[in-house]
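What follows is the residue order along each chain.
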Amino acid sequence: MSLTLGELARHLGAELVGSPEQVVVAVRPLDEAGPQHLSFLHNPKYVAQARSSRAGAILVKDAELLPDRTLLVTPEPYLAMARALELLHPARRPAPGVHPSAVVAEDAVLGSGVWIGPQAVVGAGCRIGDGALIGAGCVLGPEAEIGRDTVLHPRVVIEDGCRVGARCILHAGVVIGSDGFGFATVGGVHHKVPQVGIVVVEDDVELGANVCVDRATLGETRIGRGTKVDNLVQIAHNVQVGEGSLLVAQVGISGSTRLGHHVVMAGQSGAAGHLKIGDQAVVGAKSAVIKDVPDGAFVSGIPARPHREWLAANAALRRLEGMRSRLKELEEAVAELRSKLGE
Amino acid sequence: MSLTLGELARHLGAELVGSPEQVVVAVRPLDEAGPQHLSFLHNPKYVAQARSSRAGAILVKDAELLPDRTLLVTPEPYLAMARALELLHPARRPAPGVHPSAVVAEDAVLGSGVWIGPQAVVGAGCRIGDGALIGAGCVLGPEAEIGRDTVLHPRVVIEDGCRVGARCILHAGVVIGSDGFGFATVGGVHHKVPQVGIVVVEDDVELGANVCVDRATLGETRIGRGTKVDNLVQIAHNVQVGEGSLLVAQVGISGSTRLGHHVVMAGQSGAAGHLKIGDQAVVGAKSAVIKDVPDGAFVSGIPARPHREWLAANAALRRLEGMRSRLKELEEAVAELRSKLGE
Amino acid sequence: MSLTLGELARHLGAELVGSPEQVVVAVRPLDEAGPQHLSFLHNPKYVAQARSSRAGAILVKDAELLPDRTLLVTPEPYLAMARALELLHPARRPAPGVHPSAVVAEDAVLGSGVWIGPQAVVGAGCRIGDGALIGAGCVLGPEAEIGRDTVLHPRVVIEDGCRVGARCILHAGVVIGSDGFGFATVGGVHHKVPQVGIVVVEDDVELGANVCVDRATLGETRIGRGTKVDNLVQIAHNVQVGEGSLLVAQVGISGSTRLGHHVVMAGQSGAAGHLKIGDQAVVGAKSAVIKDVPDGAFVSGIPARPHREWLAANAALRRLEGMRSRLKELEEAVAELRSKLGE
């Protein structure tokens, strides 16, 4: 694959500083790029690296930062880099059709351009939107729905009745619609509470490898439009995640907790059940949220508190040894003062 | 699906306050229920919500709490709700038989009423009890055993020689019998210690999606009867979990640790290896158990200590800034006293 | 299976103290072994247990510790035990061949002695080395490569273009080559950054059940030779793990972080992105690494700091209540002194 800078500039809506005939074949980081590569400067701290880079062309916001270089000038160089990657490394798409080894229920409704991979299973009453790709070994339970242009990587499971929107990407091993963890415990015996709700994954959601999303006890577990979820995340029954949120790897969210929109939960953090985490809130890595988080707050720690308090507590903890010494000195001084005063 | 309150009362062994002819079609929470729904009051703090609920009938322990309402009175309303869900939302059960796409070893022994789903693999010498359901894409290694009426959701793996009891539920992606993490390290090289034991899952156990249970090095890894395990939990080689325990999502238990009966490990907590966690002990969320826990103890924190101590330490940490100020004031006061005394 | 001690001594290169005709049938721990079993003493604290063990023969380093016993004397008893396990419990190996239910691309290149299990999928252009075993239900994307004598347990996914070396063991549910978690966020919309790199797993690596390794954005995510990874570990895009490292269960490593060789990350620990963790560094269980770790350092805590500091901080925290009391007493003493001095 190769593109001229002229073609790239046109596709990306960028302003070209250089020859439109020059060709690039791939995107590379500044320190690895050669004359045949496109690179990008999106963080000003790498200006020096960009200046010394051997890249054939560089995506940049401000042309004045890189005089005498071949540039594609654009207000969002990182986004332009993402689009350039799509152009230079177009995703492979299998030809539409149902692989002969797949097992597809007679009454399943497949849109146009759908691909069903080898060894996949599509249950009774499923509906699969136009252009969707169902990877090898996926299992769709009865009445599952997959929106248009959604991609299921291999071995995804969508349990019965669950719904995935359009343009979603579900990575290998994702499980949608496992039972929530709900029991009525009487006399030490945990009686199962049937989980009869569903999961709804809205449009443009991405779910990482081996992510688990439990079905609701009653009603819906829901992941909002445009939310992105990293690998090995656990989303319990009746959780509601708002739009445009980011859940980093190994996050766990307990039952019935509601996240607002554009929430960020950093890696390995968790939230207890029945909480509300406000819009645009940020939860630090490895933190444990045990009470509601207001809109826009940044919390961290176990238990999670305002990030500044957590930083202060950590700093104080580091000074504790010093405090102990000062306390000891004071005790000695006071003892001396007392003896002087004849106590 | 619909039931009269008379039928429900009979099935649940509840006392009906209202008309036996009245019909309900589903269970709903108090705030979402309408006249055609059954709801439930099991926590007294929701009495006001129950009084104003539009539910057609309410499961309750104490009829006097809800005068002038249609009630099903029962000593365990939450358990009755679970049973009502089973009646109103009966689980779909595929018709017995082996799907033509499944690969079942000739010498596998299948009980009566067994269903083997599409693309499943049942290895040589497997034994599957009456009424068990083996979901699509499951893989049972040689000599695996599945008890009667156990349900394997799609894509469960039972490695060779492992045994699952009766009436268990294993959710999608569960792996039983992967090798324990054991190496003999000599000169920086980690030589694999063959893991030749098995996993035994006793009766009435539920394992969540993508749970991993490693086989023992020698002997057995064992999960006791009636224990329930949430998604993405890790259970290492030679672990013993007692009966009726609850392991919440993303818990990790290291090798050879033994849990008693009715232990609760809350979400994202972990235990080091070769420990004993006593009967009815509770481990707080995100805690790290690094020494034995006595029967009935409630521990939390990293490292885990008695929960009260952990609360006290957290409170003290919050007061640290105040202590620093007081220390500073004291230092100034003592300096002043000293100068007064002519030091 | 059974072996004479003479055969065992020869295979293990051990010195036999006892009769070469004596037979053992299995390996057992000291406290469970009977006369027909081989056991091992590798930790001197179990000498008393070894002396009273009923084991027919014991692997030991120093014969003088166990007078009057049948012994196999070897400088590395634990390693010898591992090898004895291999001899007494030889792994089952399916006969080479492609199961008729597997779907193998015409242009895939299979070495000699390869086994492809039932329901497996091998994509176009894959290359599988001599003697490799591809378990039931595995999915290999286009152009994936598997080295010689590597074993994939059931339901492993290797996404397109990723490479696994020789003599590796990948347990059930492993996902290699899922997309890294990378987005260009503009105006609250997370635009996907295509992940066009690959994953390279070097020789002699073992990956536990349901482990996830993301492909690089550009270039490679790499796991070094002889590294062992436990269940449910997350390895993000562009991470580099050196040789001979150990990543215990549920560890998470964020994007572009580089681990040296022989690093140990204990269970449930995590590392932020773009860090360097030095050779032979140790990260304590449940710790969170947020800055570089020097070679050979042992760090722990959230955030991770030198282990000794973490121990000191924990000890100080436990003494905090005491410090508060002492502070109070001092305040009273100083107040008294002041009043004496007529303030």
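Everything numeric in this text was worked out from a predicted model, so none of it was measured. (Residues numbered from 1 in each chain as written. Chains lettered and ligands numbered in written order. Predicted model: local features only at pLDDT ≥ 70, side-chain atom pairs only at ≥ 80, totals over all residues.)

Before going further, it helps to spend a moment on the overall build of chain A. Summing up its helical and strand segments, chain A has four helices and 40 strands in all. Relative to the 2.2 N^0.38 estimate, which gives 20 Å for 343 residues, the radius of gyration of chain A is 27 Å and therefore markedly larger than a compact globule would have. Counting all 343 residues of chain A, 56% fall into the buried class. Taking the intrachain contacts of chain A between residues at least 6 apart in sequence as the baseline, contacts between residues at least 24 apart amount to 20%. (Helix = DSSP H or I, 4+ residues; strand = E, 2+ residues; numbered from the N terminus. Rg over C-alpha atoms; globule rule 2.2 N^0.38 Å. Buried ≥ 20, exposed ≤ 12 C-beta atoms within 10 Å, placed from the backbone. Contact = placed C-beta atoms within 7 Å.)

Contact with chain A, which involves 52 residues of that partner, is made by 51 residues of chain C. Every element with two or more residues in the side of chain A that touches chain C is listed here: α3 (77-88) and α4 (307-340) of chain A. Per element, the largest residue contribution to the side of chain A that touches chain C is 10 residues, and it comes from α4 of chain A. Along the lines of polarity and charge, the residues of the side of chain A that touches chain C split into 23 nonpolar, 16 polar and 13 charged. (Nonpolar A, V, L, I, M, F, W, Y, C, P; charged D, E, K, R; others polar.)

With that settled, the discussion passes to the sheet that holds strand β11 (residues 115-116) of chain A. Residues and elements named next belong to chain A. Spatial strand order, β8-β11-β14-β17-β20-β25-β28-β31-β34-β37-β39-β40: 12 strands in an open sheet with mixed pairing. Across the chains shown, the open sheet's two edge strands, defined by having one partner strand only, are β8 (97-98) and β40 (305-306). Inspection of the sheet shows strand β39 (residues 298-300) paired to β40 by two bridges, in the antiparallel sense. Paired with Ser300 across the two strands is Arg305, which belongs to β40. (Pairing = 2+ DSSP bridges.)

Right, let's get into the relation of the copies chain C and chain B. Between chain C and chain B, the superposition needs a rotation of 120° and an axial shift of 0.1 Å, giving an RMSD of 0.2 Å. Such a combination of rotation and displacement between the chain copies is what one expects of a three-fold axis. (Least-squares fit on C-alpha atoms with pLDDT ≥ 70 in both.)

Another aspect to go through is the interface of chain C and chain B. Counting residues at the interface gives 53 residues for chain C and 49 residues for chain B. Of all the secondary-structure elements, those providing two or more residues to the side of chain C that touches chain B are α3 (77-88) and α4 (307-340) of chain C. Tallied by class, residues from the side of chain C that touches chain B come to 24 nonpolar, 16 polar and 13 charged.

Between α4 of chain A and α4 of chain C, the least distance of the axes is 9 Å, while the angle of their chain directions is 30°. Compared by their axis directions, α4 of chain A and α4 of chain C come out roughly parallel. When the axes of α4 of chain A and α4 of chain C are compared, the crossing they make is left-handed. Where α4 of chain A abuts α4 of chain C, its residues Leu317, Leu320, Glu321, Arg324, Leu327, Leu330, Glu331, Val334, Leu337 and Arg338 of chain A lie against Ala312, Ala313, Ala316, Leu317, Met323, Arg326, Leu327, Leu330, Ala333, Val334 and Leu337 of chain C. Partitioning the contact of α4 of chain A with α4 of chain C into residue classes produces 16 nonpolar, no polar and five charged. (Axes fitted to C-alpha atoms, helices over the stretch in contact; angles between N-to-C directions. Parallel < 35°, antiparallel > 145°, perpendicular 65-115°, else oblique. Left-handed = near helix turned anticlockwise from the far one by under 90°.)

This next bit is on the sheet that holds strand β5 (residues 37-40) of chain B. Residues and elements named next belong to chain B. Judged by pairing direction, the sheet is mixed, and its five strands sit side by side in the order β2-β7-β6-β5-β4 without closing on themselves. On the outer flanks of this sheet lie β2 (15-17) and β4 (26-27), each paired with one strand and no other. Of the pairings in the sheet, the one linking β5 to strand β6 (residues 57-60) comprises three bridges and is parallel in character. Bridge pairing in β6 places Phe40 opposite Leu59.

Residue and element names in this part refer to chain A. Running from amino to carboxyl end, helix α1 (residues 5-12) crosses α3 at an angle of 120°, the nearest separation of the two axes being 10 Å. By the criterion of interaxial angle, the relationship of α1 to α3 is oblique. In terms of crossing hand, the pair formed by α1 and α3 is right-handed. Contacts from Leu8, His11 and Leu12 of α1 reach α3 at Ala80, Arg83, Ala84 and Leu87. For the contact of α1 with α3, the residue count by class is five nonpolar, one polar and one charged.

We now examine the pairing of strand β23 (residues 189-192) of chain C. Residues and elements named next belong to chain C. Judged from the four bridges that link them, strand β22 (residues 183-186) and β23 form a sheet pairing that is antiparallel. Bridge pairing links Thr185 to His190 in β23. Linking β22 back to β23 in an antiparallel pair, the connection comprises two residues, with Gly187 at a positive phi of about 60°.

This part takes up unusual backbone geometry. The phi angle of most residues is negative, glycine excepted, and most peptide bonds adopt the trans form. Each neighbour pair has its own omega, and for Ile302 of chain A with Pro303 of chain A the value is 0°, a cis peptide bond. Of note, Pro303 of chain A is situated in the loop between β39 and β40. Even without glycine at this site, Asp204 of chain A takes up a positive phi of about 60°. For Ser256 of chain B, which is not glycine, the phi dihedral falls at a positive 70°.

Residue and element names in this part refer to chain C. Within the sequence span of helix α1 (residues 5-12), burial applies to Leu5, Leu8, Ala9 and Leu12. In an axial view of α1, the angular spread of the buried residues amounts to 100°, which keeps them on one side of the axis. The inward-facing, buried residues of α1 abut β1 (3-4), β2 (15-17), β3 (23-24), β6 (57-60), β7 (71-73) and α3. Gly13 sits one or two residues past α1 and shows a positive phi near 65°. (Arc of directions from axis to C-beta.)

Here we take up the environment of His89 of chain A. Position of His89 of chain A relative to the elements: it lies in the loop between α3 and β8. Looking at His89 of chain A, the number of C-beta atoms within 10 Å reads 16, which means it is partly exposed. His89 of chain A sits 20 residues away from Val109 of chain A along the chain, and the two C-alpha atoms are 32 Å apart. Once residues lying within four places of it in the same chain are set aside, the contact partners of His89 of chain A are Met1 of chain A together with Pro194 and Val196 of chain C.

This paragraph deals with the confidence of the model for chain A. Scored by pLDDT, chain A has a mean of 96; 100% of the residues are at 70 or more. Interface confidence for the predicted complex, given as ipTM, is 0.95, next to a pTM of 0.96. (pLDDT = per-residue confidence, 0-100.)

Residue and element names in this part refer to chain A. Secondary-structure assignment places Val151 in strand β17 (residues 151-152). What makes Val151 buried here is the crowd of 20 C-beta atoms within 10 Å. Measuring from C-alpha to C-alpha, the distance between Val151 and Gln280 comes to 28 Å, with 129 residues separating the pair along the chain. With residues near it in sequence (within four places) discarded, Val151 still touches Leu133 and Ile169.

Here the focus is the pairing of strand β27 (residues 220-223) of chain C. Residues and elements named next belong to chain C. Note that strand β24 (residues 198-201) and β27 share four bridges and pair parallel. Counterpart to Val201 in the pairing with β27 is Ile223. One ladder, built from two bridges, connects β27 with strand β30 (residues 240-241); its direction is parallel. Among the inter-strand pairings, Ile223 is bridged to a residue of β30, identified as Val241.

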